[in-house]
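Okay, here's what each chain looks like letter by letter:
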Amino acid sequence: MYVQKVKYFTDINKIAMLSEPEKEHLKEITDKFVFRVNDYYLSLFNWDDPDDPIRKLVIPNEGELLEYGRWDASDEDTNYVVPGCQHKYRTTALLIVSEVCGAYCRYCFRKRLFRNDVKEAMSDVSPGLEYIANHPEINNVLLTGGDSLILSTPKLRSIIESLRSIEHVKIIRLGSKIPVFNPMRISEDEELLELIRTFSTEDKRIYVMAHINHPREITPEAKKAFKALHNAGAIVVNQTPVLKGINDDPVILGELLDRLSWAGVTPYYFFVNRPVAGNREFVLPLEQVYQIVEEAKARTSGLGKRVRLSMSHTSGKIEILAIDNGKAYLKYHQSRDQEYGKFMILDCPKDAEWFDDLPGNQEYWIPPVKKNDAIISVNKLSCQPADLIYK
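The structure presented is a predicted model; accordingly, all values stated were derived computationally and were not measured.

**Quick notes on the overall build of the protein chain**
Now for step 1: When helices and strands are counted, the protein chain shows 11 helices and 14 strands.
Now for step 2: Rg of the C-alpha trace for the protein chain: 20 Å, near the compact-globule value of 21 Å for 391 residues, within the 12% margin.
Now for step 3: Seen through its C-alpha atoms, the protein chain measures out along the principal axes to roughly 55 × 55 × 50 Å.
Now for step 4: A fraction of 74% describes how many contacts in the protein chain between residues 6 or more apart in sequence connect residues 24 or more apart.
Now for step 5: Carbon and sulfur atoms form 51% of the exposed surface of the protein chain, whose accessible area is close to 16,300 Å².
Now for step 6: Taken as two groups, the 51 positive and 56 negative side-chain charges of the protein chain have centres that lie 4 Å from each other.

This is the structure we're talking about:
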């Protein structure tokens, strides 16, 4: 049985390595955006470097208070078919199973889940399971949130057993940053590994969709967790946004691609950072993101080059094929409206940061209509700090 060893902090004042003036300065930010970290992840910081990228991932920054973006930049509220279950793409369903993570990334695109006035994650996923069972076109299900591996192993077993009783669900995906936030939760939990061994088979796999942003997160402990997952029969892939001040360097991003490949973790997606409230400090122009990614890919093998650069837009996953001479060459890698493969050439201003910033983008997609009117859009809720009492 796994025994929790890491210590969690949700009060910035308890971080001993921060000075008192720093704590006082950061309080205004943590009043608006939730904070959480653990002592294992804190041990990866270089506290002598104020620009340490690992620190920037989880320690609040002033830019979070700038007016920018929306709480739900991809309009996920329109994808809910029943509480806790999204169905945006034909063959894929999402179960929002948790509103907690091992630590809270400052760039998180679902930071709305941590608000007290938002209830999207469901402890009772039975309505979602029933919906999935009644829709045979769904062959893969992503457990996400929050972090699916923050759930207790018995809770996770209950959900996975239920999904495995649905014949048309072939793939179960576990969205998680736990392999680097708290890798011991994986490598030291024999019950979890046995669960994966039981339900990740030759015909119906379990995939762990890891969120590794920087090569320094790939520690000996993390590699031990990867190995345990591999030995149990899981397939591990990685996705990360390209983040200003964290991994926006071709050398760093190329090293990440190499170290993932060496560890047997498939580089899956590089994402353009979504225009989410509080994320201003991490955002880069599209052209710059594209150039960084191409230079990083030039430094790695064909294994690393499997990664795709994409925007998770309201209308679908839009792959950036090239940006050249002021033009963006794009295609729908996934499409809400079954427009997979649609090719687009649009003007790309130097300051464009998102698909919506490209002139003429409106010709290629239609704003979505909610599938379930009972779901409240967080974009219509108040965003004043006084209203944001966190769970």
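**Description of the packing of aromatic side chains**
Now for step 1: Tallied over the entire structure, the rule returns eight aromatic pairs.
Now for step 2: Relative to Phe114, the ring of Tyr104 has its centre 4.1 Å away and its plane inclined at 35°; by these criteria the two rings are tilted. Of the two residues, Tyr104 is situated in the loop between strand E5 (92-96) and helix H4 (126-133) and Phe114 in the loop between E5 and H4; the sequence distance between them amounts to 10 residues. As far as burial versus exposure is concerned, Tyr104 and Phe114 are alike and both buried.
Now for step 3: Site record: aromatic cluster; members linked through ring pairs are Tyr41, Phe45, Trp47 and Phe181.
Now for step 4: One residue, Arg36, lies across the ring of Tyr8, its end atom 4.0 Å from the ring centre.
Now for step 5: The lysine or arginine in question, Arg115, covers the ring of Trp71, its NZ or CZ lying 4.6 Å from the ring centre.

**Regarding the sheet that holds strand E10 (residues 266-272)**
Now for step 1: Across the sheet, 12 strands lie side by side as E3-E4-E5-E6-E7-E8-E9-E10-E11-E12-E13-E14; this open sheet has mixed pairing. Of all strands in the sheet, those with a lone pairing partner are strand E3 (80-82) and strand E14 (343-347), marking the two edges. The mean angle between the axes of side-by-side strands here comes to 30°, regardless of whether they run parallel or antiparallel.
Now for step 2: One ladder, built from five bridges, connects strand E7 (residues 171-176) with strand E8 (residues 206-210); its direction is parallel. Looking at E8, one finds that Ser176 is bridged to Ala210.
Now for step 3: Sitting on the sheet, helix H5 (residues 153-164) touches E5, strand E6 (140-144), E7 and E8, and the angle it makes with E7 is about 155°.
Now for step 4: Sitting on the sheet, helix H10 (residues 250-262) is in contact with strand E9 (235-242) and E10, with an inclination near 150° to E10.

**So, a nonpolar patch on the surface**
Now for step 1: A surface patch of nonpolar side chains, about 270 Å² in accessible area, is lined by Leu321, Phe343 and Ile345.
Now for step 2: Summarising the element assignment, Phe343 is placed in strand E14.

**Considering the side chain of Arg185**
Now for step 1: Within the fold, Arg185 resides in helix H7 (residues 184-187).
Now for step 2: A polar atom in the side chain of Arg185 sits 2.7 Å from the backbone oxygen of Leu149.
Now for step 3: Of note is the side chain of Arg185, whose polar atom sits 2.9 Å from the backbone oxygen of Leu151.

**Focus on the environment of Ser43**
Now for step 1: Within the fold, Ser43 resides in the loop between helix H2 (39-42) and helix H3 (53-58).
Now for step 2: Here the alpha-carbon distance between Ser43 and Arg55, two residues 12 residues apart in the chain, equals 10.0 Å.
Now for step 3: Looking at Ser43, its side chain comes within polar contact range of the main-chain oxygen of Tyr40, at 2.4 Å.

**Some points on the layout of surface pockets**
Now for step 1: Looking at the largest pocket, its volume works out to about 1,100 Å³.
Now for step 2: As for the largest pocket, its lining consists of 47 residues, of which Phe109, Leu142, His211, Gln239 and Arg274 are closest to the centre.
Now for step 3: Sorting the residues of the lining of the largest pocket by element identifies strand E4 (85-89), E5, E6, E7, E8, E9, E10 and strand E11 (308-313) as the ones contributing at least two each.
Now for step 4: Broken down by class, the residue content of the lining of the largest pocket amounts to 21 nonpolar, 18 polar and eight charged.

Parameters at a glance
- Residues numbered from 1 in each chain as written.
- Predicted model: local features only at pLDDT ≥ 70, side-chain atom pairs only at ≥ 80, totals over all residues.
- Heavy atoms only, no water.
- Helix = DSSP H or I, 4+ residues; strand = E, 2+ residues; numbered from the N terminus.
- Rg over C-alpha atoms; globule rule 2.2 N^0.38 Å.
- Contact = heavy atoms within 4.5 Å.
- Areas by Shrake-Rupley, 256 points an atom, 1.4 Å probe, with all protein chains shown as cover.
- Lys, Arg positive; Asp, Glu negative; His and termini not counted.
- Charge placed at Lys NZ, Arg CZ, Asp CG, Glu CD.
- Phe/Tyr/Trp six-rings, centres within 6.5 Å; stacked < 30°, edge-to-face > 60°.
- Buried < 20%, exposed > 50% of the residue type's maximum accessible area, 1.4 Å probe, protein only.
- Lys NZ or Arg CZ within 6 Å of the ring centre and 35° of its normal.
- Pairing = 2+ DSSP bridges.
- Axes fitted to C-alpha atoms, helices over the stretch in contact; angles between N-to-C directions.
- Patch = residues over 30% accessible without salt bridge, like charges linked within 9 Å, V, L, I, M, F, W, Y side chains within 5 Å.
- Salt bridge = Lys/Arg side-chain N within 4 Å of Asp/Glu carboxyl O.
- Polar contact = N/O pair within 3.5 Å; in protein donor to acceptor, adjacent residues only side chain to side chain.
- 1 Å grid on protein atoms, 1.4 Å probe; cavity = no way out; pocket = protein on both sides within 12 Å on 5 of 7 lines; lining within 4 Å.
- Points joined across faces, edges and corners; volume = space filled by probe spheres on them.
- Nonpolar A, V, L, I, M, F, W, Y, C, P; charged D, E, K, R; others polar.

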